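Each chain, written out:
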Amino acid sequence: MFITRPDGTSPLYGDDDGGRLLAAQRARGKRFRDTLATGAALFERGDWKTRWGKPPIETLWLLGAEALANYDRLDPREPVELSRAFSEGGYFVMRDGWDADSSFALMNCGPHGSSSCAHAHADALAFEYAAEGRTWLVDPGTCTYTGDAGLRDQFRSSSAHNTATVDELPQSVPAGPFAWAAPCRISL
């Protein structure tokens, strides 16, 4: 909910192949609305229901008719917090409201992936920014995994992200489509 942009779309941080357990409506792949609506029904969260309207058909398939009735009974309410730190994952969000014309910033301050860092990008301290409901600075996402090694490396490079570089050097150096020869290390 917190990392959703004011226009309802989802940032493309890191790798994303669009994989979902159920995807009845592929056109909505860049939105968390369906997942949030199903979560609202499951966990009885009115703040997750806000502005999402009718629940997706996946809610019925995954949780059954009673969950759909739970969703319908929920009173939608605006979330109390505007900013949130997700310290474990390294993401920090600030916004001035929950309306479609709000402003929003999402910062990536976490470590360079986990384990082998296979799906990491060289995006330490990168951010996304939206003002008055319009997204101005975005993360480029993945583009491709194995179709074109040059494009793969370009889309996960520091220069493709809204972040700092020193002497135009990358923060991390790739070593194939799912490995890094020199991953960035963040010390707090």
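Please refer to the structure placed before this passage.
Residues numbered from 1 in each chain as written. Predicted model: local features only at pLDDT ≥ 70, side-chain atom pairs only at ≥ 80, totals over all residues. Heavy atoms only, no water.

Caption draft 1: Region of interest: the packing of aromatic side chains. Enumeration over the complete set of coordinates arrives at 3 aromatic pairs. Between Phe2 and Trp98, the aromatic rings sit 5.4 Å apart at their centres with planes inclined by 70 degrees, giving edge-to-face as the arrangement. With Phe2 in the segment before helix H1 (33–43) and Trp98 in the loop between strand S2 (91–95) and strand S3 (104–108), this pair connects stretches of sequence that are 96 residues apart. Look at Phe2 and you get buried, because its relative accessible area is 6%. Assessed through its relative accessible area of 7%, Trp98 is described here as buried. Their ring planes at 85 degrees and their centres at 6.1 Å tell us that Phe43 and Trp48 sit as a pair that is edge-to-face. For Phe43, a relative accessible area of 54% gives the class exposed. (Phe/Tyr/Trp six-rings, centres within 6.5 Å; stacked < 30°, edge-to-face > 60°. Helix = DSSP H or I, 4+ residues; strand = E, 2+ residues; numbered from the N terminus. Buried < 20%, exposed > 50% of the residue type's maximum accessible area, 1.4 Å probe, protein only.)

Caption draft 2: Quick look at helix H4 (residues 65–73). Three or more residues of H4 are buried, namely Ala67, Asn70 and Tyr71. Buried positions in H4, seen along its axis, are confined to an arc of 100 degrees and lie on one side of it. Away from its buried face by more than 90 degrees, H4 exposes Ala65, Glu66, Asp72 and Arg73. For H4, the secondary structure elements touched by its buried residues are H1, helix H2 (46–49) and helix H3 (57–63). (Arc of directions from axis to C-beta. Contact = heavy atoms within 4.5 Å.)

Caption draft 3: Expanded view of the sheet that holds S3. Taken together, the 5 strands give an open sheet; going across it, the order is S1-S2-S3-S4-S5, and neighbouring strands pair in antiparallel fashion. Two strands bound the open sheet, and with one partner strand each, they are strand S1 (84–86) and strand S5 (134–137). Along the sheet, successive strands turn relative to each other by an average axial angle of 15 degrees, direction set aside. Two elements, S2 and S3, share 5 bridges in a ladder whose sense is antiparallel. Residue pairing for S3: Met94 is matched across the bridge by Ala105. (Pairing = 2+ DSSP bridges. Axes fitted to C-alpha atoms, helices over the stretch in contact; angles between N-to-C directions.)

Caption draft 4: Spotlight on the side chain of Asn70. In this structure, Asn70 sits in helix H4. Beyond its immediate stretch of four places on either side in the chain, Asn70 contacts Ala41 and Glu44.

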